[in-house]
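Letter by letter, the chains look like this.
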Amino acid sequence: MAVEKVKTKSIAANREARHEYFVIEALECGISLVGTEVKSLREGKVNLKDSWVDVEDGELIVKGMHISPYDMGNIFNRDPVRPRKLLAHKKEIRHLAQQIKLQGYTLVPLSLYFKCGRVKMELGLCKGKKLYDKRATAADRSAKRDIDRALKNFGR
């Protein structure tokens, strides 16, 4: 029995989100776009840095995501920072809304990628880090780097 590998092509990643937040849970969902936005995404002209997700009327809406207008788009280009609807199951949306309301978490886009020709977004249910948490993760990363460097040079 052959196992098919799903091809994914990364478009953009929100690296700052993993620095600013603890990612409690991650969810893959689709995103509703128009044609010129997809063409602009294929060129990699997207910024996830200041984006967030709200739950409005039982729908996930991503706000603050900037997709630059397509150069050849003319009248078909849309507003670069318009709110865009995310596609997820109703049960998943209810669960996320509950976590936001009760636990005080936030929804942050972690990455954007193509999967089988469709644009997908990895959405993270996140809890904000304090300054001392950020320092601790930086210290852990530095210590791990030093250990790896020492182990590499040990055999020489």
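Notes on the structure follow. (Residues numbered from 1 in each chain as written. Predicted model: local features only at pLDDT ≥ 70, side-chain atom pairs only at ≥ 80, totals over all residues. Heavy atoms only, no water.)

**Some thoughts on the side chain of Lys134**
Relative to the helices and strands, Lys134 is located in helix 4 (residues 131-154). For Lys134, the contacting residues outside a window of four places in its chain are His19, Glu20 and Lys129. (Helix = DSSP H or I, 4+ residues; strand = E, 2+ residues; numbered from the N terminus. Contact = heavy atoms within 4.5 Å.)

**Side note on the side chain of Thr36**
In this structure, Thr36 sits in helix 2 (residues 35-42). Excluding anything up to four places from it in sequence, Thr36 contacts Tyr70, Gly73, Phe76 and Asn77.

**Looking at the environment of Glu59**
Locating Glu59 in the fold gives a position in strand 5 (residues 59-63). Judged by relative accessible area, which is 31%, Glu59 ranks as partly exposed. It is 15 Å that separates the C-alpha atoms of Glu59 and Gln99, two residues lying 40 residues apart in sequence. Among all residues touching Glu59, those that are not within four sequence positions of it are Asp54, Lys85 and Ile93. Of note is the side chain of Glu59, whose polar atom sits 3.3 Å from the side chain of Lys85. (Buried < 20%, exposed > 50% of the residue type's maximum accessible area, 1.4 Å probe, protein only. Polar contact = N/O pair within 3.5 Å; in protein donor to acceptor, adjacent residues only side chain to side chain.)

**Considering unusual backbone geometry**
Backbone geometry at Asp57 places phi at a positive 55 degrees, although glycine is not the residue there. Following the sequence through the fold, Asp57 ends up in the loop between strand 4 (52-56) and strand 5. In the Ramachandran plot, Cys116 falls in the positive-phi region, its phi being about 55 degrees despite a non-glycine side chain. If you trace the backbone, Cys116 turns up in the loop between strand 8 (106-115) and strand 9 (118-128).

**A word on helix 3 (residues 90-103)**
Over its 14 residues, helix 3 extends 20 Å from the first C-alpha to the last, a length consistent with the 20 Å expected when each residue adds 1.5 Å. When we look at burial in helix 3, the residues that qualify are Ile93, Leu96 and Gln99. Seen from one end, helix 3 has its buried residues packed into an arc of 125 degrees, which puts them on one side. Of the residues in helix 3, the exposed ones pointing more than 90 degrees away from the buried face are Lys90, Lys91, Arg94, Lys101 and Leu102. On its buried side, helix 3 packs onto strand 2 (21-31), strand 4, strand 5, strand 8 and strand 9. (Expected span 1.5 Å × (residues − 1). Arc of directions from axis to C-beta.)

**Focus: the environment of His19**
Relative to the assigned elements, His19 resides in helix 1 (residues 15-20). We classify His19 as partly exposed; its relative accessible area is 37%. C-alpha separation for the pair His19 and Thr137, spaced 118 residues apart in sequence, amounts to 8.6 Å. Setting aside residues no more than four positions away along its own chain, His19 makes contact with Lys129 and Lys134.

**Re the pairing of strand 7 (residues 84-87)**
Of the two faces of strand 7, only one is covered, namely that formed by Arg84 and Leu86; the face formed by Lys85 and Leu87 stays uncovered. Note that strand 2 and strand 7 share two bridges and pair antiparallel. Along strand 7, the bridge assignment pairs Ile31 with Leu86. (Pairing = 2+ DSSP bridges.)

**Considerations on the nonpolar core**
Membership of the largest hydrophobic core comes to 25 residues, with the highest contact counts inside it found for Leu41, Met65, Leu86, Leu112 and Leu123. Contributions of two or more residues to this core are made by strand 1 (8-13), strand 2, strand 5, helix 3, strand 8 and strand 9. Top element by residues in this core is strand 9. It accounts for four residues. With sequence-adjacent residues up to four places away left out, Leu41 is seen in contact with Ile11, Leu33, Val46, Ile67, Leu112, Phe114 and Val119. (Core = buried A, V, L, I, M, F, W, Y, C linked by side-chain atoms within 4.5 Å.)

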